[in-house]
Amino acid sequence: MFISVLVALIALFFNVVLRYGFNYTLAWSEELVREVIVYTTFIGCCAAVKKRSMIKIDASVQLLPILKKPLLYFSNLVILIFSILLMTYGWEIAAMQARTFQKTVIMQIPLVYLYAILPLTGMLMFIRTLQIVSQDLGFGGREANAT
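We now turn to the structure provided with this report. (Residues numbered from 1 in each chain as written. Predicted model: local features only at pLDDT ≥ 70, side-chain atom pairs only at ≥ 80, totals over all residues. Heavy atoms only, no water.)

Where helix 4 (residues 68–100) contacts helix 6 (residues 117–136), the axes come no closer than 7 Å and their chain directions differ by 160 degrees. Relative to helix 6, the element helix 4 is oriented roughly antiparallel. With respect to the hand of their crossing, helix 4 and helix 6 are arranged in left-handed fashion. Class assignment of the residues belonging to the contact of helix 4 with helix 6 gives a composition of 18 nonpolar, six polar and two charged. (Axes fitted to C-alpha atoms, helices over the stretch in contact; angles between N-to-C directions. Helix = DSSP H or I, 4+ residues; strand = E, 2+ residues; numbered from the N terminus. Parallel < 35°, antiparallel > 145°, perpendicular 65-115°, else oblique. Left-handed = near helix turned anticlockwise from the far one by under 90°. Nonpolar A, V, L, I, M, F, W, Y, C, P; charged D, E, K, R; others polar.)

What follows is the structure, encoded as structure tokens:
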């Protein structure tokens, strides 16, 4: 991940220098940066689920601490449903791209490679959420942290 973001950052930097310094644009660099941002966002979602770092609203838990467990399980249920939808519809979208052989405009990358991140992310989020639920229920060997 670090290397891909670094390569995209370098390409974007050179594009800015060329655009403002020499009035020349590298069209492929903008497409590369966009695709790297999409990939890192989806992979970052998987990492956020693993580290229990998903966005939360803590005001209700602070006002009524008894709601902590039910809201934790509800949050995990919502993530499971979202990951199932991501797998299902992501697979359909990737399959459609595979059937139509569409490619990106400038770099000519088959779009199926770009859309394949959707079902993969859904699967990883689903597995990680099940691991978290099993830990919260006491099956995983470690208890849920206090955050």
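A separate point is helix 2 (residues 27–50). Its 24 residues place the ends of helix 2 36 Å apart at the C-alpha level, agreeing with the 34 Å of an ideal helix rising 1.5 Å per residue. Three or more residues of helix 2 are buried, namely Ser-29, Glu-31, Leu-32, Val-33, Glu-35, Val-36, Cys-46, Ala-48 and Val-49. Those residues of helix 2 that are buried lie in contact with helix 1 (2–22), helix 4, helix 5 (111–115) and helix 6. Backbone geometry just after helix 2 places Arg-52 at a positive phi near 55 degrees. (Expected span 1.5 Å × (residues − 1). Buried < 20%, exposed > 50% of the residue type's maximum accessible area, 1.4 Å probe, protein only. Contact = heavy atoms within 4.5 Å.)

A word on the pattern of salt bridges. Within the structure shown, the criterion is met by four salt bridges. Where Arg-19 meets Glu-30, a salt bridge forms, and the shortest distance between an N and an O atom there is 2.4 Å. In this pair, Arg-19 is assigned in helix 1 and Glu-30 in helix 2, connecting sequence segments 11 residues apart. Its salt-bridge partner being Glu-35, residue Arg-34 comes within 3.8 Å of it at the nearest N-O pair. Classification of Glu-35 as buried rests on a relative accessible area of 16%. One network of salt bridges, in which partners are shared, links Glu-31, Arg-34 and Glu-35. (Salt bridge = Lys/Arg side-chain N within 4 Å of Asp/Glu carboxyl O.)

Relative to the helices and strands, Asp-136 is located in helix 6. The exposure class of Asp-136 is buried, given its relative accessible area of 4%. Among the polar contacts made by the side chain of Asp-136, one reaches the side chain of Arg-52 at a distance of 3.0 Å. (Polar contact = N/O pair within 3.5 Å; in protein donor to acceptor, adjacent residues only side chain to side chain.)

The subject of this paragraph is the nonpolar core. Within the largest apolar cluster, eight residues are counted, these being Cys-46, Val-49, Ile-79, Leu-86, Ile-117, Leu-118, Met-125 and Ile-132. Sorting the residues of this core by element identifies helix 2, helix 4 and helix 6 as the ones contributing at least two each. Broken down by element, this core gets its largest block of residues, four residues, from helix 6. Those residues in contact with Cys-46 that lie beyond four places of it in its chain are Thr-121, Leu-124, Met-125 and Arg-128. Listed in part, the five residues of the second largest apolar core include Ala-8, Leu-32, Val-33 and Val-36. (Core = buried A, V, L, I, M, F, W, Y, C linked by side-chain atoms within 4.5 Å.)

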